[in-house]
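# Structural overview for review
Below are the chains, spelled out letter by letter.
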Amino acid sequence: MTSPHFLQVLILQLLLPLCSSLTPTKPHIIMIMADDLGWNDVGFHNGDISTPNIDSLAAKGVILNNYYTAPNCGPSRAQFLTGRYLTHLGLQHKNLQPCRPSGIPLSETTIADELRDLGYKNHLIGKWHGGFHTPDYLPTNRGFDSFRGMLNGLGDHFTHKKGFKGKKVLDFYNDTIPNPGASGQYSTFYYERRAHEVIDEHSQNGLPMFMFLSFQAPHTPTQAPRGYIRRYQHIPIKSRRNYAAMVTAMDDAIGTIIRKLEESNMMQETVIVFSTDNGGQALSGGASNYPLRGNKGTYYEAGIKGVALISGPLVKNVGVSNSLVHISDWKATFVHLAGGKLSNHDSINQWETLSNGATDARTEIIYNIDPLSVGVPMGSRRRARGEKQGRRQKRRHRGRRFRRSVLPLVLMNNMTFESTTFQPESQNVSTGFDTGPSSSPSLKEAFEEVEDNFISESPTQKPTTTTTLPSTTTTTTTTTTTTTTTTPTTTTTTTTTLPAAQPFHINQLAAIRSGDWKLMTGEVGFMGVVPDPARNIFKYHAFRPRQTSKFYSAIRLFNITNDPTESHDLSEERPDIVVWLLGKLQKHQQTALAPFYPPLSNACRPHLFGNLAVWAPYLQQ
């Protein structure tokens, strides 16, 4: 006779597999990041370059049509890894450089840190560019269990070396050990083989995997195996021909990785994101961002609107998404997929929006506020770094028009810049308006103050004592914008609630997107539209950006939904929107950290690994 105990054990053994199959497992997460990939350089945007595997991922997933990054490599990676805006990292100014001791702040947890706490094993394959001046900044000390790749922002794709004072220095690592054995292997294919090794490892150990596959391609130098270059022999310009070959080689590597996942029975539980780190480097770098305005390194759409998609069997809402997504959002999204939750970050969980078609999770992006980049205002009485007087007449006239149209409205709404900053409002429970004393400077006095700010060379040259005026409370709808001003209050302070914060200055480099509207301030910079190389490669090659306005600052306003190529500056037609967005920038500036941009270090020099010079940490821990 069968004992009751035996029956209980038998039933339990039969139910255990069923229970485990019903228990949701943590998905594998793969972030594939291309380096300087142009908007116009994937098959689903343009047929000029062959990318069948990326196109296949797009067809089975969601194409992100409203996806934004930073305009440069290092800042974009910092935002992706930390889920923070640049203003909250102190990385507002320029790109990370090897001999400038800076990087992703050690006070920040990375996405790898968060996922490791949730049971993931993390692998970085490819480009780091997050700082390495001390060992603390190395990838294996920032949450990654393994690292194969380069520390710097660029290097030779075959020798894996980067120059230092005229000498070639190795920059290729196996965790924390230099790897000269990779010399001669094309970087894209080396990273492909390493990805296969990681997939094999996780197919055997069953642990959830986070793979950050950070390709070095198609960043300069434009190099590719000869077989791939021969595919594009019909392109007469070398930079574009080699660039196209690099993109196709990367696409082939992605294809083998997808097949490896399928062969290992891991694809069904894998979420894949493909993203560029910023816009492509047109002309010298061979990329094309057509029809977007600007180039890599600018806050025009060509510099920050990126190619991106999310794919995998877990993604249900296949198609094209016009929801606003920022590169920082992947941290909250991936942590959500892993069963965790972020708080107090700029990152927003986009999973329900992208996978299930839920309501837009994000309506606003602060691209940057850089108080160290200050342009000469259009129409100022100064010369712009040697620009000839005769070439500035049109710009001067435009500056005067701006003062006549926008500045009076700015002043009437008590919006203040440079020498003024907002303080937290004293709210009346019944009315919601500021209840401070009613006293404000005359319109003439305020105009003279802001007029001085327009020709100020730098916001950091002013005294620390600041005059504070109230902020603007604004209500908006999809069709109209109504601005309501608070009762003006004037106070004088010598301290601020956030010592690291800087007052907002309209001549500093800044950009914001809110709803349909995008506002940029500061240096105009590269503002042309580089021609489409697929239509006329010689016109593309011969294009030169307009230089007359390179160092001038101006306020530019665009309705990106109606005008994605930024062809119509509406700052004069819609000064109400200008004021509204300037108010948002000034409010955000109060939470910003001061930019951390230290001088170049004299200690920066290659280290010897045997008889080989290598890039390595050069300061004490």
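Up top is the structure these notes are about.
Nothing here was measured: the structure is a model prediction, and the numbers come from that model. (Residues numbered from 1 in each chain as written. Predicted model: local features only at pLDDT ≥ 70, side-chain atom pairs only at ≥ 80, totals over all residues. Heavy atoms only, no water.)

## Description of the pattern of salt bridges
Rule in force here: Salt-bridge detection follows one rule: a side-chain nitrogen of Lys or Arg within 4 Å of a carboxyl oxygen of Asp or Glu. We count a stretch as a helix when DSSP gives it H or I for four or more residues in a row; a strand needs E for two or more, and each element gets its number in order from the N terminus. Exposure is judged per residue with a 1.4 Å probe applied to protein chains only, and the accessible area is read against the type maximum: over 50% gives exposed, under 20% gives buried, and values in between give partly exposed.
What the rule picks out here adds up to 18 salt bridges. Here D200 and K260 are joined by a salt bridge, their closest N and O atoms 2.9 Å apart. Placement of the pair is D200 in helix α5 (residues 187–205) and K260 in helix α7 (residues 238–263), with a sequence separation of 60 residues. Residue D200 is classed as partly exposed on the basis of its relative accessible area of 30%. Within this structure, D41, D48 and R240 form a network of salt bridges that share partners.

## As for the sheet that holds strand β5 (residues 146–150)
Convention followed: For two strands to be treated as a pair, DSSP must find no fewer than two bridges joining them. By definition in these notes, contact holds between two residues if any of their heavy atoms fall within 4.5 Å. Lines fitted to C-alpha atoms define the axes, with helix axes restricted to the stretch in contact, and inter-axis angles between N-to-C directions lie between 0 and 180 degrees.
Ordered in space as β9-β8-β5-β4-β10-β1-β11-β12-β2-β13, the ten strands form an open sheet in which the pairing is mixed. Each having just a single partner strand, β9 (177–178) and β13 (319–321) make up the two edges of the open sheet. Bridge analysis of strand β1 (residues 28–34) against strand β10 (residues 209–214) gives five bridges, and the strand direction is parallel. Each residue of the ladder has a partner; that of I30, found in β10, is M211. Sheet strands in contact with helix α3 (residues 73–82) are β1, β4 (121–127) and β10, and its direction is about 170 degrees off that of β10. The strands touched by helix α9 (residues 329–337) are β1, β2 (62–64), β10, β11 (270–276) and β12 (308–311); relative to β1, the strand with the most contacts, the crossing angle is about 160 degrees.

## Brief notes about helix α2 (residues 52–59)
The cut-off we apply is this: This arc corresponds to the set of directions leading from the helix axis out to the C-beta atoms.
Taken together, the buried positions of α2 are N53, I54, L57 and A58. Along α2, the residues classed as buried sweep out an arc of 145 degrees about the axis, all on the same side. Those residues of α2 hidden inside the fold are in contact with β2, α7, β11 and β12.

## Here's the deal with the packing of α3 against α9
Rules: Every angle not falling under 35 degrees, over 145, or within 65 to 115 is termed oblique; those three ranges are roughly parallel, roughly antiparallel and roughly perpendicular. Crossing handedness is defined as follows: a turn of the near helix away from the far one that is anticlockwise and smaller than a right angle gives a left-handed crossing, while the clockwise case is right-handed. In this classification, the charged set is Asp, Glu, Lys and Arg, the nonpolar set is Ala, Val, Leu, Ile, Met, Phe, Trp, Tyr, Cys and Pro, and all remaining amino acids, among them Gly, are polar.
Interhelical geometry of α3 versus α9 gives an angle of 30 degrees and a closest axis separation of 6 Å. Between α3 and α9, the interaxial angle falls into the category roughly parallel. Between α3 and α9 the crossing geometry is right-handed. Residues F80, L81 and T82 of α3 form the contact with α9, whose own contacting residues are W330, K331 and F334. Considering only residue class, the contact of α3 with α9 consists of four nonpolar, one polar and one charged.

## Let's talk about the packing of α5 against α7
For the pair α5 and α7, the least separation of the axes is 10 Å and the interaxial angle reads 10 degrees. One element, α5, and the other, α7, form an angle in the roughly parallel class. Residue-level contacts link T188, F189, E192, A195, H196, I199 and D200 of α5 to A249, M250, A253, T256, I257, K260 and L261 of α7. Along the lines of polarity and charge, the residues of the contact of α5 with α7 split into eight nonpolar, three polar and three charged.

## Quick notes on the state of the cysteines
Applicable threshold: Disulfides are defined as pairs of cysteine sulfur atoms found within 2.5 Å of each other.
Scanning all chains against the criterion turns up one disulfide. Here C99 engages in a disulfide with C604; their sulfurs sit 2.0 Å apart. Across the S-S bond linking C99 and C604, the dihedral sits near -55 degrees, which makes this disulfide left-handed. Taken together, the positions of C99 in the loop between α3 and α4 (111–117) and C604 in the loop between α15 (575–589) and β26 (607–609) put the pair 505 residues apart, joining distant regions of the chain. No difference in accessibility class separates C99 from C604, as the two residues are buried.

## What to know about α3
Across the ten residues of α3, ten count as buried, placing the element largely inside the fold. Along α3, the residues classified as buried are C73, G74, P75, S76, R77, A78, Q79, F80, L81 and T82. Buried residues in α3 make contact with β1, α4, β4, β10, β14 (325–326) and α9. Where α3 terminates, the next one or two residues include G83, which has phi positive at roughly 75 degrees.

## Observations regarding the pairing of strand β15 (residues 364–374)
Most of β15 is tucked away: nine of the eleven residues are buried. The sheet contact formed by β15 and strand β22 (residues 508–514) spans seven bridges and is antiparallel. Looking at the pairing, I366 lines up with I512 of β22.

## Thoughts on the packing of aromatic side chains
Heads up, the condition is: Any two rings among Phe, Tyr and Trp, with Trp reduced to its six-membered ring, count as a pair given centres within 6.5 Å; such a pair is stacked if its planes are under 30 degrees apart, edge-to-face if over 60, and tilted if neither.
For the structure on display, the rule yields 18 aromatic pairs. Here the aromatic rings of F144 and F210 are separated by 6.3 Å at their centres, their planes lie at 25 degrees, and the arrangement is stacked. With F144 in the loop between β4 and β5 and F210 in strand β10, this pair connects stretches of sequence that are 66 residues apart. Side by side, F144 and F210 carry an identical accessibility label, which is buried. Between Y190 and Y191 the ring centres are 6.2 Å apart and the planes differ by 80 degrees, which places this aromatic pair in the edge-to-face class. Of the two residues examined, Y190 and Y191, each falls in the buried class.

## Topic: unusual backbone geometry
In this structure, the amide linkage connecting T220 to the following residue, P221, adopts the cis form with an omega of 0 degrees. The omega torsion of the bond from Y290 to P291 falls at 5 degrees, within 30 degrees of zero and hence cis. Within the secondary structure, P291 is located in the loop between β11 and α8 (301–304). One non-glycine residue, D175, lies in the positive phi region at around 60 degrees. One can find D175 in the loop between β8 (173–174) and β9. Among the residues examined, D175 registers a relative accessible area of 27% and is labelled partly exposed. The phi dihedral of L283 is positive, around 65 degrees, even though this residue is not glycine. For L283, a relative accessible area of 19% translates into the label buried.

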